[in-house]
Amino acid sequence: MLRLVRASFPQPTTNFFGLEAMADDSVDHDAVAERLEASVLESPKCKRDFHSSQSSQFKTAEGETAPKKPSFGDRTSLVLPKLWKLLPDNVCNTFPQLDIVPKPILKLMRDAVCIIPQLKESTSSSEEKKLRLEAEQALTSIQAVLDHTWEQLNTGHWRDVPIVHRHVFSIASLIKILCLLYSQAGDEETLLRLALKAADMGLLLGAPLPSPNECLDLTIAASLLSTTLAQVVEQSGSSEQDPILLEDRSTQFILKGLSGSPIKELDCPSIERFCTDHFLPKLPVKIKGCMMHWPASKRWNDIGYLQRVAGARTVPIELGSHYAHTDYSQKLMTIADFIEQHVVGGKLGYLAQHQLFEQVPELRADICEPEYCCLSDDSIQVEEPANEGTDINAWFGPAGTVSPLHYDPKHNLLAQVVGTKRILLFPPEISPSLYPHSDRLLSNTARVDPEKPDYDQFPLFKNIAPPIECRLEAGEMLYIPPRFWHHVRALSTSFSVSFWWK
Amino acid sequence: MSFYYCGWNGCGQVSGHPMIISKPAKLSFDGPIVNVSCTWSVLAVIAGKSMTFMGFVENNINVRREIFLSNSAQPIHLSSCQSRTLVACSKGNCYDYSPESNTLRQLVKFTTSELDPEESASVDNSSIIKVSCSDYGCLALSKSGRVFTIPSPLVLPGLVVTDIACGNEHYALLTKCGLVYTWGSGSRGQLGHGDLEPEEKPRLVEALAGMQVCCISVGAWHNAAVTSSGDLYTWGWGTDGQLGIDDSVTDDDHDHRPTASKKLKTDAQVSVLQERNEKYRGIVLGCPSPVDTSADVTAVSCGSRHTVVLLVDGTIWGCGWNAYGQLACPPEECIRSIYLRQIFIPDFKGKISNVQCGGWNSCFIV
């Protein structure tokens, strides 16, 4: 199961799509194919679409047609020099790590890079026209590099894939962004959307080469593109709207199956108290009153805000009942589409255990790492919160999303930002009574469903002490000790943030 | 003699043509086309007695090089991957050509040390007639039906092998009796054993054991086999619909067939089609399953993510990825096809004798 793999290693993007992790379900391949489509659809086909749209007219947001000349939008021309700076000179020759890349790949990348500075400096319009054509060729080349690298990334187990292929994917994604924007083969908004998607694909599948001055940092590229896109969209006329509250969309779930004894609650405890009473003895506790200062508390239940800040960003979505179910699959989609189809639309889908805050720093700024995360098993000394040691994940979805009964190897603070979740907690000692999966990848997941226990199949489960039950409301945090079994269900539309640390 | 070529052309495999060749281009050579092999960066052809490499050769694109083997040996079979091309020659030995550096070297005799003396005596390892190449491992087949995972022999007691094929991370072989064996990684259903487990040694594909298979081909993660009765079977990872789909799983009246495709579709039908497309793209088939064709299949060939079949009536059909024109139609018309669609070669009236796919390319040999 993905969660175990992701939780166990310091590099949580490893096994991102978990081809073999979910192998016996053989259903997550849709997701992989989706990635593929994402990259393919943008290339030769869309280019053609741009041609046709260029020669005719563009649809504005309101559906009217308005003539628009195919030239740089002001916003794009402002952001281009900043993006260009991210690409180091001579990028294909500078890094010794790239020496083992097949030469034809490097050749095509190099040729694509060479086109861009010429475009920057072109003066005459006839020359410019010729160069635009070359930029489109460069775009086809760089897409072929990405597609070819995608095949390498999908050969062998994800964690065994040579890192150099991910380096290439990352660099090629940046080149693609530049080629897209310089080619001007479409209207500003379309190009920015495609460029942003390319950046996100690079962030999800690639790996940055260590590089000075924030070069090759796709996070920065994506932020620049996202901000610019938001400005362009705003400019095109959508007026300021009243906040659309996420919570309005929720449908309440009637709890069935097992219920437990209520969890202990503390109101903003001191670190010392938390440490002695809960961290060291490894006992779960609900912590209230510690998230009032989070900007997210006010912002994230406004759909409009999430759309503005991150709507155009591409993220992996889990589809199906839950990750251990045979109907499980993953799909890449934009946050805007996810909100529309799943969060508002109500179709089951879960933005689960995704390092959204590394991908979208704008949202990272809305949350604060709790000070409790500075506690460490090695020493009880209180230190400054060390960001390095904490994995921060986003969990966003409609009512009804479920994480089946499982445990994680790290300390976990689950912070509820929007909506309500119900969590059932079982201590590590009763593991045998929960019948963990024998499969190595799912060994941290129980076969018993505490909401619908099958006592014939799992008789030991009948005799256990009742679990601890926690109803986690917005503004509350739940401390889940390492290896403590937990089953999580969203009772309403829910957005939570988990902090994992050792 | 000639063949038609379509698909990715970004390394200048066929100069004077665009990066994406969606209308098959005719390539003519002196002498009959013996064998063709395509990769992402090179098109390699044996025509008559000569061997030609086109595309990325010696650190540049748009290069065409004719290569001669020493001692007047004639090339009889070749197979290319990103890093190298293996060539089997008429004298029974094997050459390794690197297009990147334009260097050719003869491979030394394969070792027989892993065989017991009795077996070793019977190995005619110097007589290689077929090669198959991937960046992860290479196979060679001897005249007497022995297989080498170059350079070591594969121990297959009692089996006489007639064909070999390499995928990205798996291998397949065909025996004289028409049995298919696979081994390597199975994580994407490549091996056809009904599970996703790896196999260290060749293992019989039991689902095909009742039939006599006469032709196999392997893509990056998928496989195709043709039986002596002309039936097509596919298995593995259908990232882009390269497995084709059987008629029995479709629900409307052959509307997806190219023969009926001119009929206007209602919105509802279109949405059904889209849904099906969505469903069958990315599917994994862990067991060989039949694909319906309008006539008996005589040959099949798999590219990285597409499949092309030649039927007994002379028509050619293909399914899978078409982003680079590998199904001989413009990508904007069809970026991928989950069912077999007919391939037409404009301005060609003759008969295609064979199909040979590789990477993102298809070759139709006249």
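Along each chain, numbering runs from 1 in the same order as the chain's sequence is written. For naming, the first written chain is A and the first written ligand is 1, with later ones following in the order written. Per-residue local features are limited, in this predicted model, to residues with pLDDT of at least 70; the limit for side-chain atom pairs, both in listing and counting, is 80 or more; totals at the level of whole chains, interfaces and linings are taken over all residues. The basis for every side-chain value is the complete set of heavy atoms in the structure, and neither hydrogens nor water enter the calculation.

### Considerations on the overall build of chain B
Okay, step 1: Numbered from the N terminus, helices here are DSSP runs of H or I no shorter than four residues, and strands are runs of E no shorter than two. Counting its secondary structure elements, chain B contains 2 helices and 28 strands.
Okay, step 2: Burial status follows relative accessibility: with a 1.4 Å probe on protein chains alone, a residue under 20% of its type maximum counts as buried, one over 50% as exposed, and anything between as partly exposed. For chain B, the residues scored as buried account for 62% of the 366 residues in total.
Okay, step 3: Should any heavy atoms of two residues lie within 4.5 Å, those residues are counted as being in contact. Nonlocal contacts in chain B, meaning residues at least 24 apart in sequence, comprise 52% of its contacts between residues at least 6 apart.
Okay, step 4: Here the accessible surface of atoms and residues is derived via Shrake-Rupley with a 1.4 Å probe, and residues count as covered only by protein chains that are part of the display. As displayed, chain B offers around 14200 Å² of accessible surface, 50% of which is attributable to carbon and sulfur atoms.

### Brief notes about the overall build of chain A
Okay, step 1: Secondary structure summary: chain A contains 17 helices and 16 strands in total.
Okay, step 2: Split into buried and exposed, the 502 residues of chain A put 58% on the buried side.
Okay, step 3: The long-range share in chain A, meaning contacts at least 24 apart out of those at least 6 apart in sequence, stands at 78%.

### Some thoughts on the environment of G206 of chain A
Residue and element names in this part refer to chain A.
Okay, step 1: Locating G206 in the fold gives a position in the loop between α9 (188–205) and α10 (218–235).
Okay, step 2: Along the backbone, G206 and D89 are 117 residues apart, and their C-alpha atoms lie at a distance of 20 Å.
Okay, step 3: Excluding residues within four positions of it along the chain, G206 makes contact with R166, F169, S170 and M201.

### Digging into the confidence of the model for chain B
All names here are of chain B.
Okay, step 1: Summarising the model, chain B shows a mean pLDDT of 86, and 86% of its residues fall at 70 or more.
Okay, step 2: pLDDT expresses, on a scale from 0 to 100, how confident the predictor is about each individual residue. The weakest mean pLDDT in chain B belongs to helix α1 (residues 117–122) at 55; the strongest belongs to strand β20 (residues 222–227) at 97.
Okay, step 3: Scored below 50 in pLDDT, residues 247–265 shows 31 contacts in the model against residues more than four places distant or in partner chains.
Okay, step 4: With pTM at 0.82, the complex prediction returns an ipTM value of 0.90.

### Things to note about the sheet that holds strand β3 (residues 33–38) of chain B
All names here are of chain B.
Okay, step 1: At least two DSSP bridges between two strands are required for those strands to pair. Taken in spatial order, the 4 strands make up an open sheet running β3-β4-β5-β6, and their pairing is antiparallel. Two strands bound the open sheet, and with one partner strand each, they are β3 and β6 (60–67). Ignoring strand direction, the axes of neighbouring strands in this sheet form an average angle of 10 degrees. Between N-to-C directions, angles cover 0 to 180 degrees, with each direction set by a line fitted to C-alpha atoms, over the stretch in contact for helices.

### A short note on the UniProt feature "repeat: RCC" (unreviewed entry) in chain B
Okay, step 1: UniProt positions are given in the numbering used here, feature names are shortened, and annotations may be inferred rather than shown by experiment. UniProt annotation of "repeat: RCC" (unreviewed entry) refers to residues 178–229 and 230–313 of chain B when read in the numbering used here.
Okay, step 2: Taken end to end, residues 178–229 of chain B comprises 0% helix and 44% strand; its first and last C-alpha atoms sit 12 Å apart.

### Things to note about the domain arrangement of chain A
Residues and elements named next belong to chain A.
Okay, step 1: When the domains of chain A are assigned, the result is domain 1 (75–235) and domain 2 (261–501).
Okay, step 2: The domain boundaries here were taken from an automatic or database domain assignment. On a C-alpha basis, the centroid separation for the pair domain 1 and domain 2 is 35 Å.
Okay, step 3: Of the residues lining the interface, 15 residues belong to domain 1; the matching set on domain 2 comes to 13 residues.
Okay, step 4: Both sides of the domain 1 and domain 2 interface together cover about 1000 Å² of buried area, and 55% of this is carbon and sulfur. Throughout, the accessible surface (probe 1.4 Å) given up by two parts as they are put together, summed over both, is called the buried area.

### Points about the packing of aromatic side chains
Okay, step 1: Two rings belonging to Phe, Tyr or Trp (six-membered ring only in the last case) form a pair when the distance between their centres is within 6.5 Å. Interplanar angles under 30 degrees mark stacking, angles over 60 mark edge-to-face geometry, and anything in between is tilted. The final tally for this structure, using the stated rule, is 30 aromatic pairs over all chains.
Okay, step 2: Both rings, one in W300 of chain A and one in F357 of chain A, keep their centres 5.8 Å apart while their planes meet at 5 degrees; by these two values the pair is stacked. Separated by 57 residues along the polypeptide, W300 of chain A in the loop between α12 (295–299) and α13 (303–310) and F357 of chain A in helix α15 (residues 356–359) bring together distant segments of the chain.
Okay, step 3: On the basis of relative accessibility, which here comes to 0%, the residue W300 of chain A falls in the buried class.
Okay, step 4: Exposure remark for F357 of chain A: the relative accessible area of 5% places this residue in the buried category.
Okay, step 5: Where Y324 of chain B meets W360 of chain B, the ring centres are 4.5 Å apart and the plane angle is 20 degrees; that geometry is what we call stacked.

### A look at unusual backbone geometry
Okay, step 1: With phi around 45 degrees, C268 of chain A is a residue other than glycine that occupies positive phi space.
Okay, step 2: Mapped onto the elements, C268 of chain A comes out in the loop between β4 (265–267) and α11 (271–279).
Okay, step 3: You will see that N62 of chain B, though not glycine, has its phi angle at about 65 degrees, which is positive.
Okay, step 4: Secondary-structure assignment places N62 of chain B in strand β6.

### Concerning the sheet that holds β4 of chain A
All names here are of chain A.
Okay, step 1: Strand order in the open sheet formed by 7 strands is β4-β5-β14-β11-β16-β9-β8, with mixed pairing between adjacent strands. Whereas interior strands pair on both sides, the edge strands pair on one side only; in this sheet they are β4 and β8 (351–354). Across the sheet, the axes of successive neighbouring strands diverge by a mean angle of 20 degrees, strand direction being ignored.
Okay, step 2: In the packing of helix α14 (residues 335–344) onto the sheet, contacts are made with β8 and β9 (391–397), and the angle to β9 comes to roughly 60 degrees.

### Notes on the environment of D89 of chain A
All names here are of chain A.
Okay, step 1: Tracing the backbone through its elements, the reader meets D89 in the loop between α4 (74–86) and α5 (91–94).
Okay, step 2: D89 gets classed as exposed once you look at its relative accessible area, which sits at 68%.
Okay, step 3: With 386 residues separating them in the primary sequence, D89 and G475 have C-alpha atoms 48 Å apart.

### Section: the nonpolar core
Residue and element names in this part refer to chain A.
Okay, step 1: What makes a nonpolar core is a set of buried Ala, Val, Leu, Ile, Met, Phe, Trp, Tyr and Cys residues whose side-chain atoms join them at distances within 4.5 Å. With 82 residues, the main nonpolar core has L83, I175 and I177 as its most contacted residues.
Okay, step 2: Only α4, α5, α6 (103–121), α7 (125–153), α8 (163–183), α9 and α10 provide two or more residues apiece to this core.
Okay, step 3: Counting residues per element, this core draws most heavily on α8, which supplies 13 residues.
Okay, step 4: When residues no more than four places from it in sequence are discounted, the contact partners of I177 are L83, A195, A198, A199, L218, A221 and L225.

### Quick look at α13 of chain A
Residue and element names in this part refer to chain A.
Okay, step 1: Of all 8 residues in α13, 6 are buried; the element is thus mostly enclosed.
Okay, step 2: Turning to α13, its buried residues are I303, G304, Y305, L306, V309 and A310.
Okay, step 3: Buried positions along α13 lie against α10, α12, α14, α16 (361–364), β9 and β16 (494–501).
Okay, step 4: Where α13 starts, the residue carrying a side-chain oxygen 2.9 Å from the main-chain nitrogen of G304 turns out to be D302. Polar contacts, as counted here, are pairs of nitrogen or oxygen atoms within 3.5 Å of one another; within protein the pair requires one atom able to donate a hydrogen and one able to accept it, and residues that are adjacent in sequence qualify only if both atoms are side-chain atoms.

### Some remarks on the confidence of the model for chain A
Okay, step 1: Summarising the model, chain A shows a mean pLDDT of 79, and 77% of its residues fall at 70 or more.
Okay, step 2: pLDDT under 50 marks residues 1–70 of chain A. Its contacts with residues more than four places away, or in other chains, come to 179 contacts.

### Focus on the pattern of salt bridges
Residue and element names in this part refer to chain B.
Okay, step 1: Here, a salt bridge means any side-chain nitrogen of Lys or Arg that lies within 4 Å of a carboxyl oxygen of Asp or Glu. Here the structure, examined in full by the defined rule, presents 26 salt bridges over all chains.
Okay, step 2: Ionic pairing is found between K130 and D163, a salt bridge with its closest N-O pair at 3.4 Å. Placement of the pair is K130 in strand β11 (residues 128–134) and D163 in strand β15 (residues 161–166), with a sequence separation of 33 residues.
Okay, step 3: Take K130: its relative accessible area is 24%, and that puts it in the partly exposed class.
Okay, step 4: A residue is classified by how much of its surface remains accessible, and D163, at 16% relative accessible area, is buried.

### A short note on the packing of α4 of chain A against α10 of chain A
All names here are of chain A.
Okay, step 1: Running from N to C, α4 and α10 cross one another at 175 degrees; their axes reach a closest spacing of 10 Å. Our classification of the angle between α4 and α10 gives roughly antiparallel. Two secondary-structure elements touch here, α4 through R75, T76, V79, K82, L83 and L86 and α10 through I220, A221, L224, L225, T228, Q231, V232 and Q235. By definition in this entry, angles of less than 35 degrees are roughly parallel, angles greater than 145 are roughly antiparallel, angles of 65 to 115 are roughly perpendicular, and the rest are oblique.

### Considering the packing of α4 of chain A against α8 of chain A
Residue and element names in this part refer to chain A.
Okay, step 1: One way to put it is that α4 packs onto α8 with a least axis distance of 10 Å and a crossing angle of 155 degrees. Taken together, the axes of α4 and α8 are roughly antiparallel relative to one another. Considering only the axes of α4 and α8, their crossing is left-handed. Packed against α4, whose contacting residues are T76, L80, L83, W84 and L86, the element α8 presents L174, I177, L178, L181 and Y182 at the interface.
Okay, step 2: As a working rule, the residues Ala, Val, Leu, Ile, Met, Phe, Trp, Tyr, Cys and Pro are called nonpolar, Asp, Glu, Lys and Arg charged, and the rest polar, with Gly in that last group. When its residues are assigned to classes, the contact of α4 with α8 shows 9 nonpolar, 1 polar and no charged. By the definition used in this description, the sense in which the near helix is turned from the far one sets the handedness, with an anticlockwise turn below a right angle giving left-handed and a clockwise turn giving right-handed.

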